[in-house]
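Topology and contacts: notes
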Amino acid sequence: MTRNTWIALGAVVLIALAGLGWYAFGGSGSSTGTAGTYEILPTDRVLGNRNSKVVLIEYAAPACPACAAFNEQVFPQLKANYIDTGKILYIFRVYPLFPADGMAEKIARCLPEDKYFSFIDLVFRNQPKWDPEYRLTPDQTREGLILMGRIAGMSAEQVNQCWANKAEDERINKVSSEGEARYNITGTPSFILNGVNQGSGVIPYDRLAKLLDTELAKQQ
């Protein structure tokens, strides 16, 4: 899924959710790295072996159906065979398509770090309850995300406090813009393997495993 597809819709949601922060479409960040390089950020949410020389970065949007499909169809095998076994380091970064993605990410960041990925899984699996792509109104999106927060153990007040965090807006924008500048990311999910963009969309597990095995072999 591409960002530009949702520019007009994002603007409508923004107006209705005034004060919740804007996630910039287009533009570029200050990072000017080249293909084949990568940086692990202090704020990154990661799984797996931090000492591995094989690093897979996924840029995803919580409201993206293709990202939810990857989460359900491919990620469990990836986690079992490469992440949990310590073969690779996996990094998840949010690349927002429109404001609701940033809203979901801000809730996730308010939770303890060890609860982050379980919340991301929760919102992926429950997109029909909050995702504006399911023709929900802005109020329904907001209420649905508050429900997701409550399932994760937060109160509505705590969720609203998370949404008011402008520093998180800046961080999300920066990560997204740097992804565009460094890796030429234009859609979700996008996968960066040791600094090289492997493309976007739901990469089948067999293809992803082959890419990882090839990179692992190079490191031996």
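Structure first, text after, so check above.
Rules behind the numbers
Along each chain, residue indices are assigned from 1 in the same order as the chain's sequence is written. In keeping with the model being predicted, local features are shown solely for residues with a pLDDT of at least 70 and side-chain atom pairs are shown and tallied solely at 80 or more, while totals for entire chains, interfaces and linings include all residues. With hydrogens and water stripped out, all remaining heavy atoms of the structure feed into the side-chain values. Here, a salt bridge means any Lys or Arg side-chain nitrogen found within 4 Å of an Asp or Glu carboxyl oxygen. For each residue, the accessible area found with a 1.4 Å probe, counting protein chains only, is set against the maximum for its type, and the residue is called buried under 20%, exposed over 50%, and partly exposed in between. What counts as a helix is a DSSP run of H or I of at least four residues, what counts as a strand is a run of E of at least two, and both are numbered from the N terminus. The contact rule is simple, with two residues in contact once any of their heavy atoms fall within 4.5 Å. Between 30 and 60 degrees the pair is tilted, below 30 it is stacked and above 60 it is edge-to-face, where a pair is any two Phe, Tyr or Trp rings, Trp via its six-membered ring, whose centres lie within 6.5 Å. Only lysine NZ and arginine CZ atoms are considered, and such an atom sits over a ring when it is within 6 Å of the ring centre and within 35 degrees of the ring normal. Under this definition, polar contacts are N or O atom pairs within 3.5 Å; protein pairs additionally need one hydrogen-donor-capable and one acceptor-capable atom, and for neighbouring residues in sequence, both atoms have to be side-chain atoms. Two strands qualify as a pair provided DSSP detects at least 2 bridges between them. Here an axis means a line fitted to C-alpha atoms, over the contact stretch when the element is a helix, while the angle between two N-to-C directions is reported on a 0 to 180 degree scale. Take the buried residues of types Ala, Val, Leu, Ile, Met, Phe, Trp, Tyr and Cys, join any two whose side-chain atoms come within 4.5 Å, and each joined set is a nonpolar core. Two cysteine sulfurs form what is called a disulfide whenever their separation falls within 2.5 Å. Helices are assigned an expected span. That span is 1.5 Å times one less than the residue count. Every angle not falling under 35 degrees, over 145, or within 65 to 115 is termed oblique; those three ranges are roughly parallel, roughly antiparallel and roughly perpendicular. Rotating anticlockwise by less than a right angle from the far helix to the near helix defines a left-handed crossing, while the corresponding clockwise rotation defines a right-handed one. For this classification, Asp, Glu, Lys and Arg are treated as charged, while Ala, Val, Leu, Ile, Met, Phe, Trp, Tyr, Cys and Pro are nonpolar and the rest, including Gly, are polar.

1. Description of the pattern of salt bridges
A full pass over the atoms with the stated rule returns 10 salt bridges. A cluster of three or more residues bridged by salt bridges with shared partners is formed by Glu105, Arg109, Glu168 and Arg171.

2. Considerations on helix H2 (residues 65-73)
The set of residues buried in H2 consists of Cys67, Ala68, Ala69, Phe70 and Asn71. For H2, the elements touching its buried residues are strand S2 (55-60), helix H3 (75-83), helix H5 (116-125), strand S4 (190-193) and helix H9 (205-218).

3. A word on the packing of aromatic side chains
Under the definition given, this model contains 8 aromatic pairs. Here Phe75 and Tyr90 contribute two aromatic rings whose centre-to-centre distance is 5.1 Å and whose plane-to-plane angle is 50 degrees, an arrangement assigned as tilted. Residue Phe75 is found in helix H3, and its partner Tyr90 is found in strand S3 (residues 89-94); the two are separated by 15 residues along the sequence. In this structure Tyr90 comes out as buried when scored by relative accessible area, which is 2%. Pairing Phe92 with Phe117 gives two aromatic rings, centres 6.3 Å apart and planes at 75 degrees, and the pair type is edge-to-face. With Phe92 in strand S3 and Phe117 in helix H5, this residue pair connects regions lying 25 residues apart in the sequence. For Phe92, a relative accessible area of 3% translates into the label buried. Owing to a relative accessible area of 19%, Phe117 belongs among the buried residues under this scheme. An aromatic cluster is present here, built from Phe75, Tyr90, Phe92, Tyr116, Phe117 and Phe124 joined pairwise through their rings. Cation over ring: Arg45 sits above Tyr116, and NZ or CZ is 5.6 Å from the ring centre.

4. Focus on the side chain of Glu168
Checked against the element boundaries, Glu168 lands in helix H8 (residues 166-183). Since its relative accessible area comes to 14%, Glu168 is described here as buried. In terms of polar contacts, Glu168 uses its side chain to reach the side chain of Arg171, at 2.9 Å. Here Glu168 is in contact with Lys106 and Arg109, once residues within four sequence places are set aside.

5. So, the sheet that holds S2
Ordered in space as S1-S3-S2-S4-S5, the 5 strands form an open sheet in which the pairing is mixed. Since the sheet does not close on itself, it has two edges, and those belong to strand S1 (45-48) and strand S5 (196-200), each with one partner. Sheet twist, expressed as the average angle between the axes of neighbouring strands with direction ignored, equals 20 degrees. Across 4 bridges, S1 lies against S3 in antiparallel orientation. What sits directly across from Leu47, in S3, is Tyr90. The sheet contacts of H5 involve S1, S2 and S3, and relative to S3 the element is tilted by about 55 degrees. Along the sheet face, H8 touches S2, S3, S4 and S5 and points at about 120 degrees away from the line of S2.

6. Describing the nonpolar core
Nonpolar side chains tend to gather and get buried jointly when the protein is soluble and globular. The biggest cluster of nonpolar side chains holds 61 residues, and the ones touching the most others in it are Leu78, Ile88 and Phe92. Residue contributions to this core peak at 7 residues, all from H5.

7. Here we look at the state of the cysteines
The tally for this structure, following the rule as stated, stands at 1 disulfide. Shown here is the disulfide that connects Cys110 with Cys162, its sulfur atoms set 2.0 Å apart. Here the S-S torsion is close to -140 degrees, and the disulfide linking Cys110 with Cys162 is therefore left-handed. In this pair, Cys110 sits in helix H4 (residues 99-110) while Cys162 sits in helix H7 (residues 156-163), placing the two residues 52 residues apart along the sequence. Judged by relative accessible area, Cys162 falls into the buried class, the value being 5%.

8. Concerning helix H6 (residues 138-151)
Look at H6: 20 Å from first C-alpha to last across 14 residues, which is about the 20 Å you get at 1.5 Å a residue. Along its buried surface, H6 packs onto H4, H5 and H7.

9. A short note on the packing of H6 against H7
In the contact formed by H6 and H7, the axes pass within 9 Å of each other and the chain directions differ by 115 degrees. As far as their axial angle goes, H7 and H6 are roughly perpendicular. As for the relative orientation of H6 and H7, their crossing is right-handed in sense. On H7, the residues that touch Arg142, Leu145, Ile146, Gly149 and Arg150 of H6 are Ala156, Val159, Asn160 and Trp163. Partitioning the contact of H6 with H7 into residue classes produces 5 nonpolar, 2 polar and 2 charged.

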